[in-house]
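In case you want the letters, here they are:
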Amino acid sequence: SSDVCSSDLKDPRRFARLRTHVMIGLSGKYAVTLYEMLESVSNMKRPILRATLEDLRTWLKVPEGRYKVWADFRRRVLDPAIKQFNENPDTGTGFTVQIRPIRQGRSIHAVYFTVKKTKKREAQEESFKSVQSQLSLFGVTIKPQTYETAKKFAEGWDIYALKAEWEEWGQRQKR
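Thresholds, definitions, all that
Residues numbered from 1 in each chain as written. Predicted model: local features only at pLDDT ≥ 70, side-chain atom pairs only at ≥ 80, totals over all residues. Heavy atoms only, no water. Core = buried A, V, L, I, M, F, W, Y, C linked by side-chain atoms within 4.5 Å. Buried < 20%, exposed > 50% of the residue type's maximum accessible area, 1.4 Å probe, protein only. Helix = DSSP H or I, 4+ residues; strand = E, 2+ residues; numbered from the N terminus. Contact = heavy atoms within 4.5 Å. Arc of directions from axis to C-beta. Salt bridge = Lys/Arg side-chain N within 4 Å of Asp/Glu carboxyl O. Pairing = 2+ DSSP bridges. Axes fitted to C-alpha atoms, helices over the stretch in contact; angles between N-to-C directions. Parallel < 35°, antiparallel > 145°, perpendicular 65-115°, else oblique. Left-handed = near helix turned anticlockwise from the far one by under 90°. Nonpolar A, V, L, I, M, F, W, Y, C, P; charged D, E, K, R; others polar.

**A word on the nonpolar core**
The biggest cluster of nonpolar side chains holds 32 residues, and the ones touching the most others in it are Leu-34, Leu-38, Leu-56, Leu-60, Phe-73, Leu-78 and Phe-113. Of all the elements in the fold, those that place two or more residues in this core are helix H3 (29–41), strand S1 (48–52), helix H4 (53–60), helix H5 (70–87), strand S2 (95–104) and strand S3 (107–117). Top element by residues in this core is H3. It accounts for eight residues. Those residues in contact with Leu-56, other than ones at most four positions away along the chain, are Met-37, Ala-51, Phe-73, Leu-78, Val-111 and Phe-113.

As structure tokens, then:
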């Protein structure tokens, strides 16, 4: 779309698959935004987010003039969020984070965030991939065991109605 500029595409929050229950449990706006940014890199081959302090302040929407000193910015903005991510990663974000400040001369210029998924999250994602591969696309007969698997993942939902909605959507896309 023409209203998306290149700076929007560079914003790491733009293309993240978020876990709502994690966002609700975070204690502040900086933690939520940092989670969005780190989630966007968690599925990359090299899950590292590099950000200049200027970009980081912009993305986190830190008010102009606040936390100008690196030590204050790290202590008040970054460390509390990272502590929340790393305390219970299996029940929260599904990853841990390491932070590495990058110096330019005598001052901190940028930050590297390294994201490492937990084994539990990796197992969940592998399980999801195998279920996805079993699901059929439009017009293909679905095996009974696929319905049983779908019932486990869509507990409380009418999977037959969901399938009908999916096929109806697919027919509309073909037109």
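Once you've had a look at it, read on.
**Description of helix H7 (residues 144–153)**
All of the buried residues in H7 are Thr-146, Tyr-147, Thr-149 and Ala-150. Projected down its long axis, H7 shows its buried positions confined to an angular sector of 160 degrees, all on one face. For H7, the exposed residues set more than 90 degrees away from the buried face come down to Pro-144 and Lys-152.

**Side note on the pattern of salt bridges**
The final tally for this structure, using the stated rule, is seven salt bridges. A salt bridge links Lys-83 to Glu-87; its shortest N-O distance comes to 3.8 Å. Of this pair, Lys-83 and Glu-87 are both found in helix H5, four residues apart, which corresponds to roughly one turn of the helix. Via salt bridges that share partners, Glu-39, Lys-117, Arg-121 and Glu-125 belong to a single interconnected network.

**Describing the pairing of S2**
Bridging between S2 and S3 involves 10 bridges; their strand directions are antiparallel. Residue pairing across strands places Pro-101 opposite Val-111, the latter belonging to S3. Adjacent in sequence and paired antiparallel, S2 and S3 are bridged by two residues, among which Gly-105 carries a positive phi angle near 75 degrees.

**Side note on the packing of H3 against H5**
At a closest axis distance of 9 Å, the pairing of H3 and H5 adopts a crossing angle of 65 degrees. By the angle class used here, H3 and H5 are roughly perpendicular. Regarding H3 and H5, the two cross each other, and that crossing is right-handed. Facing H3, whose interface residues are Tyr-30, Ala-31, Leu-34, Tyr-35 and Leu-38, H5 presents Val-77, Leu-78, Ala-81, Ile-82, Gln-84 and Phe-85. Classifying every residue of the contact of H3 with H5 gives 10 nonpolar, one polar and no charged.

**Section: the packing of H3 against H4**
Between H3 and H4, whose axes approach to 9 Å, the crossing angle comes to 115 degrees. Contact with H3, carried on its side by Tyr-30, Thr-33, Leu-34 and Met-37, involves Leu-56, Trp-59 and Leu-60 of H4 and no other residues of that element. Here the contact of H3 with H4 is built from residues that sort into six nonpolar, one polar and no charged.

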